[in-house]
Amino acid sequence: MMIFRPLASSVLETIGNTPVVKLRKIVPPGSADVFVKLEYFNPTGSYKDRMALAMIEGAERRGELKPGMRVVEFTGGSTGSSLAMVCAVKGYQFTPVSSDAFAKEKLETMRAFGASLIVEPSDGGKITPDLFHRMKARIATISQEPGTFFTNQFHNSDALNGYQKIGEELLQQLDGNITVYCGAVGTAGMLTGVSQALKKGGCKARIIALEPASAAVLTTGKPGSHRIEGIAPGFRQPHLEEPGAYDEARALDEGAARAMARRLAREEGILAGTSSGLNVLAAVEIAKELGSGANVVTVAVDTGLKYLAGDLYASDASPI
């Protein structure tokens, strides 16, 4: 029987309740099962929709955000797109600070939703700690202007509330049978929120934080440059200081993550971005370590449609 969602009064009611799929081809025989939650089923094609809605509605409930005010945030683009969408529906002006280091599709999406985008120039398209420092400094100045609310995604506890719903959904979808949950960390809101939800639900899954080896703050303490959008900002994320946020951190090769993203599309039909490739790369490695009988879970955080203008899926990309 086909099951339909109930009629929604706005697009915001369509956020969440995303599907989970079991990988069939890229997981070697004798490995644990690998499950991927497809967060690109959210309205802007990203898991960030959950966080954006939670931050805006949390501020509204507390009276920190009122009609006529402006919302501001610095962003790699996915958070900005999600906030732009939520603000469009709710009638707030939105001013994001982003950079040309991030996908053109994300920048144009923010503009399409009516955002007044400010672009901070990068060093040749590279995502560096200095770029994040300059974006933060820019937003710090803007956020002091009257009638402005800064969502402050790296420190906003409402973000955790939004992401806890991923964990709650996973508990239902997999009947609580989760051995390991792994995910790349940007703000670290998703990893921490999911961890909190799993623990609250009585699940004893091991939580593994992921980052690129070229910018391995969690595993080596050494920041660096990389080209995986949305993760590894060059500093330890405050959300990771929450009790029980994660059990282990792993660093993975960016090139291998890109190759895995292409394999996901060509072999599993899952079109996602580079950080999703990193997530699945780690999940498959962990599945091989655990062997059959275990369940490894991760997330395809956004759609690969956001990266078609770049080189991730270019016809001359390195073969797998």
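Residues numbered from 1 in each chain as written. Predicted model: local features only at pLDDT ≥ 70, side-chain atom pairs only at ≥ 80, totals over all residues. Heavy atoms only, no water.

Focus: the pairing of strand β10 (residues 295-300)
(1) Moving on: Where burial is concerned, most of β10 is hidden: six out of the six residues are buried.
(2) Moving on: Alternating residues of β10 divide into N295, V297 and V299 and V296, T298 and A300, and every residue in both groups is buried.
(3) Moving on: Note: strand β2 (residues 33-38) against β10, six bridges, orientation parallel. Pairing of F35 across the sheet is with V297, part of β10.
(4) Moving on: Relative to β10, strand β7 (residues 180-184) runs parallel, the two sharing two bridges. Looking at the pairing, Y181 lines up with V297 of β10. (Buried < 20%, exposed > 50% of the residue type's maximum accessible area, 1.4 Å probe, protein only. Helix = DSSP H or I, 4+ residues; strand = E, 2+ residues; numbered from the N terminus. Pairing = 2+ DSSP bridges.)

Details of the sheet that holds strand β3 (residues 70-74)
(1) Moving on: With respect to topology, four strands assemble into an open sheet ordered β5-β4-β3-β6, the strand pairing being parallel. Only two strands of the sheet have a single partner each, and these edge strands are β5 (118-120) and β6 (148-150). Neighbour to neighbour, the strand axes of the sheet diverge by 20° on average, direction disregarded.
(2) Moving on: As paired strands, strand β4 (residues 93-99) and β5 are joined by three bridges and run parallel to one another. Within the sheet, the bridge partner assigned to S99 lies in β5 and is E120. (Axes fitted to C-alpha atoms, helices over the stretch in contact; angles between N-to-C directions.)

Notes on the nonpolar core
(1) Moving on: Core analysis: the biggest nonpolar cluster contains 49 residues, and I56, L65, I178, Y181, M190 and L198 have the highest contact counts within it.
(2) Moving on: Among the nonpolar cores identified, the runner-up in size contains 33 residues, and C182, A184, A215 and A232 belong to it. (Core = buried A, V, L, I, M, F, W, Y, C linked by side-chain atoms within 4.5 Å.)

Topic: unusual backbone geometry
(1) Moving on: Residues other than glycine seldom take positive phi values, yet D175 does so here, at roughly 55°.
(2) Moving on: For D175, the location among the structural elements is in the loop between α5 (158-173) and β7.
(3) Moving on: Residue classification places D175 among the exposed positions, given a relative accessible area of 65%.
(4) Moving on: One non-glycine residue, A188, adopts positive backbone phi at about 75°.
(5) Moving on: Here A188 lies in the loop between β7 and α6 (189-200).
(6) Moving on: For A188, a relative accessible area of 3% gives the class buried.

Some thoughts on helix α8 (residues 254-268)
Residues spaced three or four apart along an α-helix point in a common direction, a consequence of the helix completing one turn every 3.6 residues.
(1) Moving on: The end-to-end C-alpha distance of α8, which contains 15 residues, comes to 20 Å, matching closely the 21 Å that a straight helix rising 1.5 Å per residue would cover.
(2) Moving on: Every buried residue of α8 is accounted for by E254, A257, R258, A259, M260, A261, R262, L264 and E268.
(3) Moving on: On its buried side, α8 packs onto β9 (248-252) and α9 (274-290).
(4) Moving on: Sitting at the head of α8, D253 places a side-chain oxygen 3.1 Å from the backbone nitrogen of G255.
(5) Moving on: Within two residues after α8, G269 carries a phi angle of roughly 75°, on the positive side. (Expected span 1.5 Å × (residues − 1). Contact = heavy atoms within 4.5 Å. Polar contact = N/O pair within 3.5 Å; in protein donor to acceptor, adjacent residues only side chain to side chain.)

Regarding empty space enclosed by the protein
(1) Moving on: With the rule as written, the count across this model stands at three cavities of 30 Å³ or more.
(2) Moving on: Taken as a whole, the largest cavity holds about 250 Å³ of empty space.
(3) Moving on: Lining the largest cavity are 27 residues; nearest its centre among them are K48, T79, E229, G230 and I231.
(4) Moving on: The set of elements that each furnish at least two residues to the lining of the largest cavity consists of α2 (78-90) and α9.
(5) Moving on: Split by residue class, the lining of the largest cavity holds 11 nonpolar, 12 polar and four charged. (1 Å grid on protein atoms, 1.4 Å probe; cavity = no way out; pocket = protein on both sides within 12 Å on 5 of 7 lines; lining within 4 Å. Points joined across faces, edges and corners; volume = space filled by probe spheres on them. Nonpolar A, V, L, I, M, F, W, Y, C, P; charged D, E, K, R; others polar.)

Considering α5
(1) Moving on: For α5, which comprises 16 residues, the first-to-last C-alpha distance of 24 Å matches the rise-based estimate of 22 Å (1.5 Å per residue) to within 8%.
(2) Moving on: All buried positions along α5 are accounted for by D158, A159, L160, G162, Y163, Q164, I166, G167, E169, L170 and L171.
(3) Moving on: Next to the buried residues of α5 lie β1 (20-22), β2, α1 (48-62), β7, α6 and β10.
(4) Moving on: Following α5 by one or two positions, D175 adopts a phi angle in the positive range, close to 55°.

Brief notes about the packing of aromatic side chains
(1) Moving on: Within the structure shown, the criterion is met by four aromatic pairs.
(2) Moving on: Taking the centre distance of 5.7 Å and the plane angle of 10° together, the rings of F74 and F154 count as stacked. Of this pair, F74 sits in strand β3 while F154 sits in the loop between β6 and α5, placing them 80 residues apart in sequence.
(3) Moving on: An aromatic cluster of three or more residues is present, and its members are F74, F154 and F235.
(4) Moving on: The cationic tip of K136 hangs over the ring face of F235; the distance from NZ or CZ to the ring centre is 4.7 Å. (Phe/Tyr/Trp six-rings, centres within 6.5 Å; stacked < 30°, edge-to-face > 60°. Lys NZ or Arg CZ within 6 Å of the ring centre and 35° of its normal.)

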